[in-house]
Amino acid sequence: MENKVLKSIEELPSPAFVCEERLLRKNLELLKKVQDEADVKILLALKGFALWSTFDLCKEYLQGCCASGLHEAILAKEEFGREVHTYSPAFKEEEIDEIIEISNHLVFNSFNQLNQFREKALGKTSIGLRVNPEYSSVEVDLYNPCGVYSRLGITKEKFQADNLEGVEGLHFHALCEQNVDALEGALSNFEEKFGAFLPQMKWVNFGGGHHITRKDYDVEGLIRLLKEFKKRYPHLEVYLEPGEAVGWQTGYLVATVLDIVENQMSIAILDTSAEAHMPDTLAMPYRPDIRDSGKENEKKHTYRLGGNTCLAGDIIGDYSFDKALKVGDKIILEDMIHYTMVKTTTFNGIKLPSIVIKKEEECYQVVKVFGYNQYKTRLS
């Protein structure tokens, strides 16, 4: 079925992630507006959106990719082909030479790592340091890069002002799916603690977590904030690297009802899995939106939706529907393209969801179908 073009959702393999080109382009156009009006560069964060079948479209609008290590950097170079910016909490000796060769910017998380790899990197890539502005507005600790005891970034107390040879940029990341007011707070702390070093830098990276394409995001406020920063530091090139803003509400996960069982309530078992295919629903946790559904008992027929693994807690949530579900019905879980796709596993041997692009011509192209080999080759 790979590379086959289909006409309707009913024909798609199940489960399947479906990304709609039209919606992706809409997000990219908004990001391009921010780039152009604020005179900044926006990078695609591969940790949040790595659907490389869409990179020909993405690179029409964005400047490049930010990678979290060697494999993401290679993917950025091979499939995106523009700027590659690489940061990791710690780089490995056996990988650093290749990372340096690939990367336009290389950001170190500590002075230990800078001291270890500085000589290798000098003259081959633009060296940066990640700093911690110690501004925390993220409510879920699991996703809070500036929480108590965070390992991510150098605090002002530990910043070595006399050890900046070769350092050309500073990077901070303090947000998670937040609006411009959170960036204002983080930026204020960043400038208060590290602003004295900006005159000697060439660039600054505001990191990710900017929910720019969300309906209620203050885009004009962001542009205004970026312009004001650039007035204060006109020599600096400014980067942002949102992941969720690129893939936000660009697609969904299509699943199928396999069985319905009764145990004090109706339980529909799907051919997808919260644990294996959308782990953030358990880790964050959050309740995914499902098309044409309501909350428990809001509509006539209520079901608990469960995954097809043996984990007792593989539960997506309780939902109600106007019509009773039956075996073979399609369930569409909304907004599953950003972050969800990159976190899938083959736990329990469950098959990974296929990947489908809904083309702007209103047809569906199946770009990847997974099978047994994807499970076997992860193991030995």
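Placed above this text is the structure.
Conventions and cut-offs
- Residues numbered from 1 in each chain as written.
- Predicted model: local features only at pLDDT ≥ 70, side-chain atom pairs only at ≥ 80, totals over all residues.
- Heavy atoms only, no water.
- Patch = residues over 30% accessible without salt bridge, like charges linked within 9 Å, V, L, I, M, F, W, Y side chains within 5 Å.
- Areas by Shrake-Rupley, 256 points an atom, 1.4 Å probe, with all protein chains shown as cover.
- Salt bridge = Lys/Arg side-chain N within 4 Å of Asp/Glu carboxyl O.
- Lys, Arg positive; Asp, Glu negative; His and termini not counted.
- Charge placed at Lys NZ, Arg CZ, Asp CG, Glu CD.
- Helix = DSSP H or I, 4+ residues; strand = E, 2+ residues; numbered from the N terminus.
- Buried < 20%, exposed > 50% of the residue type's maximum accessible area, 1.4 Å probe, protein only.
- Axes fitted to C-alpha atoms, helices over the stretch in contact; angles between N-to-C directions.
- Parallel < 35°, antiparallel > 145°, perpendicular 65-115°, else oblique.
- Left-handed = near helix turned anticlockwise from the far one by under 90°.
- Contact = heavy atoms within 4.5 Å.
- Nonpolar A, V, L, I, M, F, W, Y, C, P; charged D, E, K, R; others polar.
- Expected span 1.5 Å × (residues − 1).

**A word on a negative patch on the surface**
Where like charges cluster on the molecular surface, the negative patch consists of D181, E184, D218 and E228. With respect to the helices and strands, E184 occurs in helix α6 (residues 180-194). For E184, a relative accessible area of 44% translates into the label partly exposed.

**Focus on the packing of helix α4 (residues 93-102) against helix α5 (residues 111-121)**
Look at α4 against α5: their axes get within 10 Å of each other, and the N-to-C directions meet at 40°. Considering their axes alone, α4 and α5 lie oblique with respect to each other. Every pair of crossing elements has a handedness; the one defined by α4 and α5 is right-handed. In contact with E93, I96, D97 and I100 of α4, α5 contributes Q116, F117, K120 and A121. Across the contact of α4 with α5, the residue classes break down as four nonpolar, one polar and three charged.

**Focus: helix α1 (residues 21-38)**
With 18 residues, α1 extends 26 Å between its outermost C-alpha atoms, agreeing within 8% with the 26 Å of an ideal straight helix rising 1.5 Å per residue. Elements that come into contact with the buried residues of α1 comprise β2 (16-20), β3 (41-45), α2 (55-58), α7 (219-232), α8 (244-247) and β16 (354-358). Trailing α1 by a residue or two, D39 shows a phi angle of about 60°, which is positive.

**Overview of the pattern of salt bridges**
All told, the structure shown has 24 salt bridges when counted by the stated rule. Between E134 and K193 there is a salt bridge, with its nearest N and O atoms 4.0 Å apart. Taken together, the residues span a long stretch of sequence, with E134 in the loop between β7 (126-130) and β8 (167-171) and K193 in helix α6 at a distance of 59 residues. Using a relative accessible area of 41% as the deciding quantity, one classes E134 as partly exposed. In this structure, the salt-bridge partner of D216 is R214, at a minimum N-O distance of 2.5 Å. Several salt bridges share partner residues, and in doing so they unite R25, E60 and E360 into one network.

In short, shape yes, function no, at least from these values alone.
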